[in-house]
Amino acid sequence: MRIFDPHIHMTSRTTDDYERMYDAGVRAIVEPAFWLGQPRTTVGSFTDYFDGLIGWERFRASQFGIRHHCTIALNPKEANDPRCVEVLTVLPRYLAKDGVVAVGEIGYDSMTPAEDEAFEAQLAMAVEHDLPALVHTPHRDKVTGTRRSLDVVAASGIDPGRVIIDHLNEVTVDAVLDSGCWMAFSIYPDTKMDPDRMVAILRRCGLERMLVNSAADWGRSDPLRTLRTGEAMLSAGFTADEVDTVLWRNPVAFYGQSGRLVLDELPGFGHAAETFEGNSVLRGARDR
Ligand SMILES: [Zn+2]
């Protein structure tokens, strides 16, 4: 099974996770910019983080055979802090970088006027920079938040085919299905969406424009929920090709719209890493 996890916060994860992900078939990921848990107090805190996403974390993932991409934005929660909003002025610099495949996560947390402003401004940046957009839906008041997000997306003039609405569930998926936006589901270990609920949604709504992610971060989460969902699909009677559509081809089609995905196998991994009569062409890249 080859897996593209389109939403995972690797900065919060360990090298053990990278190894387990590679062994599970994960070969490419998107790491959206988000909050740190601890509130940021200055714009410098964002720029150091963004530099880490396009620099260090991309390198770190490559050491484990995984192609790393990211999305850049002022997240909805911190859009409410005047000390953070100033970061909007430096975003264009980052949106021009290789490895940045969308504007995100943007959208709503508590649906405040400050969030409205940041959401609209950043959708406009996505249009201007010809990038897709990743929209986070709020964890509270989810139905209202999802509907309102779709209204803002429609008003912005961005092509809905270049927008993902993320963290959906059984209740919110239908509104998005008709909008033309892509639909993403974060699969968690013991709350919110689980693999079996995801399978039921795929049965009912089909596979088109559907993405599955682990959304793993510093909270209780599991970077292998994508694999578990693929396994649940197979046990429910979906074919290996259908699993590949959801876990690989759909995220590749969506983020490929950025023109910046790099998906070729990293040197030192995969078939090239096999030995010939006990000899490897590799030098120190991967020793198992
Ligand atoms: Zn996230």
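The shown structure was predicted, so the numbers you read here are calculated from the model rather than taken from an experiment. (Residues numbered from 1 in each chain as written. Predicted model: local features only at pLDDT ≥ 70, side-chain atom pairs only at ≥ 80, totals over all residues. Heavy atoms only, no water.)

1. Overview of the environment of Glu117
Now for step 1: In this structure, Glu117 sits in helix 6 (residues 113-128).
Now for step 2: Sequence spacing of Glu117 and His139 is 22 residues, and the spatial spacing of their C-alpha atoms is 20 Å. (Helix = DSSP H or I, 4+ residues; strand = E, 2+ residues; numbered from the N terminus.)

2. Focus on helix 7 (residues 142-156)
Now for step 1: With 15 residues, helix 7 should reach 21 Å at 1.5 Å per residue; the first-to-last C-alpha distance of 21 Å fits that figure.
Now for step 2: Taken together, the buried positions of helix 7 are occupied by Lys142, Gly145, Thr146, Ser149, Leu150, Val152 and Val153. Seen along its axis, helix 7 keeps its buried residues to an arc of 165°; they face one direction. Residues of helix 7 that are exposed and point over 90 degrees away from its buried face: Arg147, Asp151, Ala154 and Ala155.
Now for step 3: Elements that come into contact with the buried residues of helix 7 comprise helix 6, strand 5 (133-136), strand 6 (163-166) and helix 8 (173-177). (Expected span 1.5 Å × (residues − 1). Buried < 20%, exposed > 50% of the residue type's maximum accessible area, 1.4 Å probe, protein only. Arc of directions from axis to C-beta. Contact = heavy atoms within 4.5 Å.)

3. Observations concerning the environment of Leu202
Now for step 1: Inspection of the secondary structure assignment puts Leu202 in helix 9 (residues 195-205).
Now for step 2: Separated by 17 residues in sequence, Leu202 and Gly219 have C-alpha atoms that sit 26 Å apart.
Now for step 3: When sequence neighbours within four positions are dropped, the list of residues in contact with Leu202 reads Leu207, Met210, Met233, Phe238 and Val246.

4. Points about the nonpolar core
Now for step 1: One finds Phe50, Ile72, Val153, Ile165 and Phe185 to be the most contacted residues of the largest nonpolar core, which totals 78 residues.
Now for step 2: At six residues, the largest contribution of residues to this core is made by helix 2 (residues 43-54).
Now for step 3: With near-sequence residues (within four places) excluded, Val153 lies in contact with Phe119, Leu123, Val135, Ile158, Val163, Ile165 and Cys181.
Now for step 4: In this structure, Ala28, Ala102, Leu211 and Trp248 belong to the second largest nonpolar core, which totals 14 residues. (Core = buried A, V, L, I, M, F, W, Y, C linked by side-chain atoms within 4.5 Å.)

5. Details of the packing of helix 10 (residues 225-235) against helix 11 (residues 240-255)
Now for step 1: Direction vectors running N to C along helix 10 and helix 11 enclose 150°, while the axes themselves pass 9 Å from each other. Accordingly, the angle class assigned to the pair helix 10 and helix 11 is roughly antiparallel. Crossing angle aside, the handedness with which helix 10 passes helix 11 is right-handed. Where helix 10 approaches helix 11, its residues Thr226, Gly230, Met233 and Leu234 are matched on the opposing element by Ala240, Glu242, Val243, Val246 and Leu247.
Now for step 2: Each residue belonging to the contact of helix 10 with helix 11 can be placed in one class, and the counts come to six nonpolar, two polar and one charged. (Axes fitted to C-alpha atoms, helices over the stretch in contact; angles between N-to-C directions. Parallel < 35°, antiparallel > 145°, perpendicular 65-115°, else oblique. Left-handed = near helix turned anticlockwise from the far one by under 90°. Nonpolar A, V, L, I, M, F, W, Y, C, P; charged D, E, K, R; others polar.)

6. Quick look at the pairing of strand 6
Now for step 1: Because side chains alternate across strand 6, one face comprises the buried residues Val163 and Ile165, and the other comprises Ile164 and Asp166, equally buried.
Now for step 2: Since strand 5 and strand 6 lie parallel, the crossover through helix 7 that links them has a hand, and here it is right-handed.
Now for step 3: In terms of strand pairing, strand 6 meets strand 7 (residues 182-186) through two bridges, oriented parallel. Across the sheet, the residue bridging to Ile165 is Met183, located in strand 7. (Right-handed = clockwise from strand over helix to strand, strands pointing away. Pairing = 2+ DSSP bridges.)

7. Looking at the confidence of the model for the protein chain
Reading fine detail from the predicted coordinates is not recommended where pLDDT is low.
Now for step 1: When pLDDT is averaged along the protein chain, the result is 94; 94% of the residues meet or exceed 70.
Now for step 2: Confidence drops under a pLDDT of 50 for residues 283-288, and excluding neighbours within four residues, the segment shows nine contacts in the predicted structure. (pLDDT = per-residue confidence, 0-100.)

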